[in-house]
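Notes for the structure review
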Amino acid sequence: MTDDLSRLSSSAYSQALEVIASVEPRIAEATRAELADQRASLKLIASENYASPAVLMTMGTWFSDKYAEGTVGHRFYAGCQNVDTVESIAAEHARELFGAEYAYVQPHSGIDANLVAFWSILAHRVEGPWLEKAQAKNVNELTDADWEELRRELGNQRLLGMSLDAGGHLTHGFRPNISGKMFHQQQYGTDPETGLLDYDKVAAKAREFKPLVLVAGYSAYPRRVDFAKMREIADEVGATLMVDMAHFAGLVAGKVFTGDEDPVPHAHIVTSTTHKSLRGPRGGIVLATEEYAPSVDRGCPMVLGGPLSHVMAAKAVAFAEARQDSFRGYAQQVADNAKSLAEGFLTRGTDLVTGGTDNHLVLVDVSKYGLTGRQAESALLEAGVVTNRNSVPADPNGAWYTSGIRLGTPALTTRGFGHDEFDTVADLIVDVLSNTQPGTTKAGGQSKASFVLADGVADRVRARSAEMLDKHPLYPGLELS
Ligand code: DSN
C-alpha cells in the first residue's frame, strides 16, 4: 500500500470501529484483537490469506442490504440495477482471469459452489435427456408419476472423487457428507509407497464404476494434477469432469499452473473459493463451459440463498487485483516458498507426505515425533504458530486426531516472507515438535490430545517469529487510533 492509502485506511478503519463501538463495544474490541492476533502469529493455514484493505472495505457497504435472487437482468426483486453492475463486472473479471467461457460468482462458499456444480451436472445430464424421453419441455409439465421416475433417476447417479485421507475434500464423495449421500460414490486414493496420484488406477476405477461425475482437485495433496489426463479418463467413461480448485486458484490465476496443470481448459465445470490462494473475500465461484452455463446459472434460487451482493463486489475487486502483473509474481513466490519450507523440513529430517511439494502446501507427518496431529497443532499454537491438523494417507489416528499437520505459504507470502524466512519457519516448527511429549490420560495411558511442551520453547519460538513478523508487517502503515 502507498503511504496515502495507509493513511486513508487507518483513518477509515479507526472511524468504522468507533461507529461499531457506539452500538456494541465488545465487537469493536474483538475486531481490534483479531488484527493484533493476526499480526502477531505465524499464519500457516493453507486455506487462509490476507485480503487487501480494498477487498475488505468493499464488503462493508449497503450492498449487504439488497436481495437479488436470480441472475443479471433476470431478478426476482425490483431495484437490482446496481447489483447487476457489480455481478457483471465480477463475472467478466473471472472469465478473463481464468480464460473461462462462463463464470458464476454467486456461491457463498466452496461447498456451495460444489453443490451448484453437482446440481447443474445432474440437471444437465439427467433431467435434459429424461425430459426428452418424457416429451416434456420442462419439469413443470411432468406428471406425479413422471416425477417419481425422475427422482429415482437423479438419485441413482455415481460420483468418483479423491478420498479425504489422500487429500480430497469432504464434498468429493466422503460418505458422511451430502456428496456421499446424494450420489453412489467411490473414491480414488494415492499410491501407498509414493503418496502420488496413480492415473492408471484412477482410470481403472472409472472404467469399472462408470461415474456421471469425476471430481479432481484437493485440499491437502501437496502436488500438481494433470487435468488433461483426468479429462481423458472422464471422456473415456462418459463422465463430466468437475475440478475443485479452491486451494490452488491463485496459482492458476497467477499462471504458475498452465497447460495440463490448468483445470479450466480441460474441465466441464471448475469450482473454487475466492479467499484462499486467490486472496479475495470469503466466497465461491463456478466456471463452466457454455454447455453447462444455463444449469449453473440457475444455482440461485434452486440451490443457493440470495447472493451476497457486497461480497460479489469484493470478488470483483479481488479479481481485478489478481489480473495485475504483480499477482503473478506473488503466485510464483507462493510456490517457491512452499519448496523452501519443504526443503527446510527435509534437511532437518522431518517426514513429508509425497516427500515434498510442488504447489502451495506441505503435509508434515508428525508420527516420527511420537505425536498426533492434534498434539502438534496445539503445541505449535502455544508457540504462536497457527496450523491445522490433517490426516495423512491411511492415517492410523483417524480424521479427528490425525497424524499430520498441513502448512501453506499463501498468507505469509502476502506479508513478504521469502526463502530464508520459510527455512526459519521449518526450524521453528521442528524446534516445537522435537520438544513436545504426549500427555497422559486420566487412566494413566498415553493421550492423543494433551501434550507437554518443554519449558522455554514457546518463548524462544515466539521471539524468533516476532523478528520476522516485525520485518514483514501485516497491513503496513495501518494504525488504529
Ligand atoms: N476449509 C477448507 C480448507 O481448510 O481446506 C476446506 O473446506
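Quick caveat, the model's predicted, so the values are computed rather than measured. (Residues numbered from 1 in each chain as written. Predicted model: local features only at pLDDT ≥ 70, side-chain atom pairs only at ≥ 80, totals over all residues. Heavy atoms only, no water.)

Observations regarding the UniProt feature "domain: Serine hydroxymethyltransferase-like" (unreviewed entry) in the protein chain
- UniProt's feature table lists "domain: Serine hydroxymethyltransferase-like" (unreviewed entry) at residues 22-123 and 157-429, given in the numbering used throughout.
- In residues 22-123, the share of helix is 54% and the share of strand is 9%. The end C-alpha atoms are 49 Å apart.
- Between the C-alpha atoms that bound residues 157-429 there is a distance of 45 Å. The span itself is 39% helix and 17% strand. (UniProt positions renumbered as here; feature names shortened; annotations may be inferred. Helix = DSSP H or I, 4+ residues; strand = E, 2+ residues; numbered from the N terminus.)

Structural notes on the packing of aromatic side chains
- All chains considered together, the criterion is met by 8 aromatic pairs.
- Note on F118 and F183: the rings are 5.4 Å apart at their centroids and 75° apart in plane angle, and the pair reads as edge-to-face. Note that F118 is positioned in helix α5 (residues 110-133) and F183 in the loop between α7 (178-182) and β6 (184-188), a separation of 65 residues in sequence.
- With a relative accessible area of 0%, F118 lands in the buried category.
- Look at F183 and you get buried, because its relative accessible area is 3%.
- Here F417 and F422 contribute two aromatic rings whose centre-to-centre distance is 5.9 Å and whose plane-to-plane angle is 65°, an arrangement assigned as edge-to-face. For the pair F417 and F422, a shared accessibility class is recorded, and that class is buried.
- Each member of the aromatic cluster is reached from another via a ring pair, and the members are Y218, Y221, F227, F248 and F257.
- The positively charged end of R279 is found above the aromatic ring belonging to Y330, 4.1 Å away from the centroid.
- When the ring centre of W400 is taken as reference, the NZ or CZ atom of R389 above it lies at 4.5 Å. (Phe/Tyr/Trp six-rings, centres within 6.5 Å; stacked < 30°, edge-to-face > 60°. Buried < 20%, exposed > 50% of the residue type's maximum accessible area, 1.4 Å probe, protein only. Lys NZ or Arg CZ within 6 Å of the ring centre and 35° of its normal.)

Focus: the sheet that holds strand β15 (residues 404-408)
- Pairing is antiparallel in the open sheet, where 4 strands are placed in the order β11-β12-β15-β14. The open sheet has two edge strands, β11 (351-352) and β14 (388-390), and neither has a second partner.
- As defined by bridge partners, β11 adjoins strand β12 (residues 361-365) across 2 bridges and the pair is classed as antiparallel. The partner of L352 across the bridge, within β12, is V364.
- Set on the sheet, helix α14 (residues 325-347) makes contact with β11, β12 and β15; between it and β12 the angle comes to about 20°. (Pairing = 2+ DSSP bridges. Contact = heavy atoms within 4.5 Å. Axes fitted to C-alpha atoms, helices over the stretch in contact; angles between N-to-C directions.)

Some words on the packing of helix α4 (residues 81-98) against helix α13 (residues 309-322)
- The interhelical angle for the contact between α4 and α13, taken along N-to-C directions, is 35°, at an axis separation of 8 Å. As for the relative orientation of α4 and α13, their crossing is left-handed in sense. For the pair α4 and α13, the contacting residues are V83, V86, E87, I89, A90, H93, A94 and L97 in the first and S309, M312, A313, A316, F319, A320 and A322 in the second.
- Residue composition of the contact of α4 with α13, grouped by class: 12 nonpolar, 2 polar and 1 charged. (Left-handed = near helix turned anticlockwise from the far one by under 90°. Nonpolar A, V, L, I, M, F, W, Y, C, P; charged D, E, K, R; others polar.)

As for the sheet that holds strand β7 (residues 213-217)
- In space, the 7 strands of this open sheet follow the order β4-β10-β9-β8-β7-β5-β6, with mixed pairing throughout. This sheet does not close on itself; its edge strands, each paired only once, are β4 (102-104) and β6. With strand direction ignored, the average angle separating the axes of adjacent strands in the sheet is 20°.
- Docked against the sheet, helix α8 (residues 199-209) engages β5 (158-162), β6 and β7, running at close to 165° with respect to β6.

Side note on unusual backbone geometry
- In this structure, the amide linkage connecting C300 to the following residue, P301, adopts the cis form with an omega of 15°.
- Relative to the helices and strands, P301 resides in helix α12 (residues 299-302).
- Phi angles above zero are rare outside glycine, and T354 is one such case at about 70°.
- Tracing the chain through its elements places T354 in the loop between β11 and β12.
- With a relative accessible area of 16%, T354 lands in the buried category.

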